[in-house]
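# Structure assessment
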Amino acid sequence: MLNKVIIGNQKMNLTASQTRKFINAFVPMVEHLNCDIAICVPYTNLAVCKRALKDTNVAFGAQNVSEFEKGAYTGEINSEMLADIGCKLTLVGHSERRKYFSEHNSEINSKIKQNLKYNITSVLCIGESKRERTAGQTRNVICKQLDECLSGLYENELENIVVAYEPIWAIGTGQTATGKQIEEAVNIIREEIARLYTDKASKNIVVLYGGSVKPDNVKNFINIKNLNGFLVGGVSLDAKAFSELIQIYVGKPVKK
Ligand code: PEP
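Residue indices follow the written sequence of each chain, beginning from 1 at its first position. With the structure being a predicted model, the display of local features is reserved for residues of pLDDT at least 70 and the display and counting of side-chain atom pairs for 80 or more, all residues being used for whole-chain, interface and lining totals. Heavy atoms throughout the structure, all of them, feed into the side-chain values; hydrogens and water do not.

The criterion, for reference: UniProt positions are given in the numbering used here, feature names are shortened, and annotations may be inferred rather than shown by experiment.
The name given to the protein chain in an unreviewed UniProt entry is Triosephosphate isomerase, and the organism recorded there is Candidatus Caccopulliclostridium gallistercoris. The UniProt entry for the protein chain carries the following text under Subunit (unreviewed entry): "Homodimer." UniProt annotates the protein chain under Sequence similarities (unreviewed entry) with the comment "Belongs to the triosephosphate isomerase family."

### Some words on helix α10 (residues 239–250)
Our working definition: Elements are defined by DSSP. Helices are runs of H or I of four residues or more, strands are runs of E of two residues or more, and each kind is numbered from the N terminus. To estimate the expected span of a helix, subtract one from its residue number and multiply by 1.5 Å. Relative accessibility thresholds used throughout: buried, under 20% of the residue-type maximum; exposed, over 50%; partly exposed, between the two (1.4 Å probe, protein chains only). The contact rule is simple, with two residues in contact once any of their heavy atoms fall within 4.5 Å. Side-chain atoms alone can form a polar contact between residues adjacent in sequence; in general such a contact is a pair of N or O atoms within 3.5 Å, and within protein one must be able to donate a hydrogen while the other accepts it.
With 12 residues, α10 extends 16 Å from end C-alpha to end C-alpha; this agrees with the ideal 16 Å at 1.5 Å per step. When you tally the buried positions in α10, you get 10 out of 12 residues, the bulk of the element. Looking at the packing, one finds that the buried side of α10 touches β1 (5–9), α1 (16–30), β2 (36–40) and β8 (229–232). N-cap assignment for α10: the residue whose side-chain oxygen lies 3.0 Å from the backbone N of K240 is D238.

### Observations concerning the environment of L82
Tracing the chain through its elements places L82 in helix α3 (residues 79–84). For L82, a relative accessible area of 1% gives the class buried. For the pair formed by L82 and I120, sequence separation is 38 residues and the distance between their alpha carbons is 8.3 Å. With residues near it in sequence (within four places) discarded, L82 still touches Y43, L46, A62, N64, V65, I77, C87, T90 and I120.

### A word on the pairing of β8
In plain terms, the rule: Two strands pair if DSSP finds at least two bridges between them.
In terms of strand pairing, β1 meets β8 through 4 bridges, oriented parallel. Looking across to β8, one finds that I6 is bridged to F230. Pairing of strand β7 (residues 206–210) with β8 involves 3 bridges; the strand directions are parallel. Note that in β8 the partner of Y209 across the bridge is F230.

### Some thoughts on the packing of aromatic side chains
Put simply, the rule is: Here the aromatic set is Phe, Tyr and Trp, taking the six-membered ring for Trp, and pairing holds for ring centres within 6.5 Å; pairs whose planes are under 30 degrees apart are stacked, those over 60 apart are edge-to-face, and all others are tilted. Criterion for a charge above a ring: Lys NZ or Arg CZ within 6 Å of the ring centre, and within 35 degrees of the ring normal.
A complete count under the given rule lists 7 aromatic pairs for this structure. Their ring planes at 10° and their centres at 5.1 Å tell us that F26 and F242 sit as a pair that is stacked. Of the two residues, F26 is situated in helix α1 and F242 in helix α10; the sequence distance between them amounts to 216 residues. We note that F26, like F242, is buried. Among the aromatic residues, ring-to-ring pairing joins Y165, Y209, F221, F230 and Y249 into one connected group. Sitting over the ring of Y249, K4 keeps its end group 5.0 Å from the ring centre. Between the NZ or CZ atom of K130 and the centre of the ring of W169, over which it lies, the distance is 4.3 Å.

Written out as structure tokens, the structure reads:
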């Protein structure tokens, strides 16, 4: 991966035809930008992405994956299916999945292991709630999530892991973490990876921030040390705003 990474999480919003329209508007605004760009879409939109994003600089991925290999798991989609349709990545452990679908760390660990078998990058979302932050639990929460979600993984497998620090209280709320809070969390993540693996692994792992990042606030986060980019929710639904955010991040004049 390049140093600069932007991933859009479009959540359960666009239909397949709306996704095609989004891509047609978005790609011309971001092609040639020096940044790894991906969008994570609902399963029903993956086929459209496969066709419409062919030969572009925008990758696509899913927002979830089954923890199981294959078989009698009605309604599930496995890593093999995602790889076959061209997914390069999936989100795992997003806080909305933890909250509404009771996902826990051991299940997320199984999902990551399934993805590894098919060379799919897992974008592992971690982060504390407001209550946990107020109680001074941020470090413990982040470290526990990392320890349990990465349990049993070898160092070389971290190449297929991106860690997204997403404090729950900043997601979809318009309330971003401060640069200082993000930098502290990124340091905690890298320290824990160094403790679990090596300094080299800690230096190399890709770490993103997510939580209400927008074109008009992204400049506040550009210079955060050791941060590789952003996971963007709401804004990634709007081709113009999302492309503006990326242009600002990579330091290009914004094309109106
Ligand atoms: C997200 O859902 O991963 C996210 C970062 O959302 P938003 O940018 O809307 O806060």
